[in-house]
Protein chains: 2
Amino acid sequence: MITNFDELISKVKECSKKTLAVAVAQDDAVLEAVHEAKVQGIADAILVGDEGKIREIADTLKIDLSDYQIIHEPDDWQAALKAVKLAHDGVADMYMKGLMDTKSFLKSILDKEVGLRTGKPLSHVAVFEVEGIRQLLFLTDVAFITYPTLEDKVHIIENTVKVAHACGLECPKVAPLAAVEVVNPKMPATLDAAELTKMNEEGKITGCIVDGPLSMDIAIDPEAAAHKGATGRKVAGDADILLFPDIHAGNLVYKTLVHTAKVENGCILTGTKVPAILTSRSDSFRTKVNSIALAAVVAEGLKNE
Amino acid sequence: MITNFDELISKVKECSKKTLAVAVAQDDAVLEAVHEAKVQGIADAILVGDEGKIREIADTLKIDLSDYQIIHEPDDWQAALKAVKLAHDGVADMYMKGLMDTKSFLKSILDKEVGLRTGKPLSHVAVFEVEGIRQLLFLTDVAFITYPTLEDKVHIIENTVKVAHACGLECPKVAPLAAVEVVNPKMPATLDAAELTKMNEEGKITGCIVDGPLSMDIAIDPEAAAHKGATGRKVAGDADILLFPDIHAGNLVYKTLVHTAKVENGCILTGTKVPAILTSRSDSFRTKVNSIALAAVVAEGLKNE
């Protein structure tokens, strides 16, 4: 079981070397992270984009590209299609966004011919190592699905459980979060949480333990769980997967963690044929490298499925 | 301008001594905090409840009650009514919950004869000092109003701006938060945020600067705001008041801060004739003392209005 990003990166190095296809690779922050991942032995990369610009950035950053495969394609959309096709065809194990907007990147993922559709809805997972918390926390969905329905939440859990399994958690604990830990008919999020718990008990959601609704303190803090007498619950202070009621709650908690707590984190898009990485420019260098490592672990997990 | 709880407590000591009315005071955790507030010179207290039980707890905690006014009332509801009447009549400056459930405490606040109604809706504010953030953060509403309408949000801002003014912020910056910092018609929270901003520009919400929608990073992190090119916004990394789209988002962020970041915090109920304190048993001793200090500062502010 992986409990931090150092362990995650160690695990990646034990697996067969993975390859990253980078769409529109002429992005300094992305190239820097991709190179660090290569130097650390996390993943190799195929850079698809404007070769002249890629080499120019590499020169500035003093990155030696002699060991990289570069596919020259000056048109951004064509570069995305070529990069995603590498992942689609199994030449690459992961797909990463370079200098392009998120909308076009998603469009390439959803392309019917060369994209990464599996027939299942996509969802986003942000994995956090937080000082003071023993387990990794898998936050979902904080960036992609805005107002998930009950059905969406089932898919989000399924997608995220696969990621947790890939990280060595045999039976992750899932906490459908809310402001309160009891069902309140006036709060739809608590009704969904109870329903997801029931579906898990009935074997309709497998590979994990679901227990909700839960408040954040009972989900992640064993002392708070004990203090509130929640020790009889199936998830009490030891939640792995934090399922948010909507994107506002998820994104606000996600950014609160990044900007106020001591954390390491990485994010990927799941539900795709191979993991996709769509870090933004505001993500730190470490977050980008961690995301590549997370994607590599999940790629290995999908291969072994 | 107060930027942390040490300064807040110093400010309280400069004001005329405030008095706390405690409803059903036979609660060890509450008595301990009330006594600490007295020892520190933050506030005196009138203890309303079962005198025998109050004295028993005080003995156990080695608290000398000779300097306290105690009103013996063994019936809990009658004790609440007597305590809230002290605040209603101006004998006490603040009202605090002892060994009673929140629902009964709120009922006493809303009592038409002896309660603390002002005709305006009540709201809750949680004030945080967070390591790494220069200003105090006023989170609202994380505990009381579940799904605020636009009108509720106006009242929440008005209530919270008064609290911020009492803390010496002449013109607090208000960030109506969302997952994104741009208006998205598919996300009602962003529409409300834009409307609140407009109402502030038109002088319908005064005493503050409102700028939303804002994501958490742009609201509280000046570096993130600069990185995202948000420096032209009226609130960019220096938000004082964080207005949440609903109670799930607010409560989940609130508990994330408490359980993962290095913080000091205190909470009160506002929109009442005098500030009310309804900390829960799971709140720490420091949070209870901080809440009394916060209430005392706000009581002084209301007196000077």
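Look up: the structure comes first, before these words.
Residues numbered from 1 in each chain as written. Chains lettered and ligands numbered in written order. Predicted model: local features only at pLDDT ≥ 70, side-chain atom pairs only at ≥ 80, totals over all residues. Heavy atoms only, no water.

Participant: Kindly report on helix α2 (residues 28–39) of chain A, identifying the contributing residues and their values.
Facilitator: Residue and element names in this part refer to chain A. Taking 1.5 Å of rise per residue, the twelve residues of α2 would be expected to cover 16 Å, and the 16 Å separating its terminal C-alpha atoms lies within 8% of that figure. By the burial criterion, the buried members of α2 are Ala 29, Val 30, Leu 31, Ala 33, Val 34, Ala 37 and Lys 38. Residues of α2 that are buried make contact with β1 (18–23), β2 (43–49), α3 (51–60), β4 (94–97) and α11 (285–303). In this structure Asp 27 caps α2, since a side-chain oxygen of it lies 3.0 Å from the backbone nitrogen of Ala 29. At the exit of α2 stands Gly 41, carrying a positive phi of roughly 80 degrees. (Helix = DSSP H or I, 4+ residues; strand = E, 2+ residues; numbered from the N terminus. Expected span 1.5 Å × (residues − 1). Buried < 20%, exposed > 50% of the residue type's maximum accessible area, 1.4 Å probe, protein only. Contact = heavy atoms within 4.5 Å. Polar contact = N/O pair within 3.5 Å; in protein donor to acceptor, adjacent residues only side chain to side chain.)

Participant: Which residues make up the interface of chain B and chain A, and what are the values?
Facilitator: Many descriptions give the size of an interface as the accessible area lost when the pieces come together. Contacts between the two partners involve 36 residues from chain B, matched on the other side by 36 residues from chain A. Between chain B and chain A, a total of about 2,800 Å² is buried, with carbon and sulfur atoms accounting for 71% of that surface. Where chain B meets chain A, there are two salt bridges. The closest approach of N and O atoms between Lys255(A) and Asp217(B), which form a salt bridge, is 3.7 Å. (Buried area = accessible area lost by both parts, 1.4 Å probe. Salt bridge = Lys/Arg side-chain N within 4 Å of Asp/Glu carboxyl O.)

Participant: Lay out the pairing of β1(A) in plain terms, naming residues and giving numbers.
Facilitator: All names here are of chain A. Counting buried positions along β1 gives six out of six residues, so the element sits mostly inside the fold. The pairing of β1 with β2 spans six bridges and is classified as parallel. Along β2, the bridge assignment pairs Ala 21 with Ile 46. This β-α-β element, β1 to α2 to β2, shows right-handed connectivity. Pairing geometry for β1 and β4, over four bridges, is parallel. The residue bridging Ala 23 from the neighbouring strand is Lys 97, located in β4. (Pairing = 2+ DSSP bridges. Right-handed = clockwise from strand over helix to strand, strands pointing away.)

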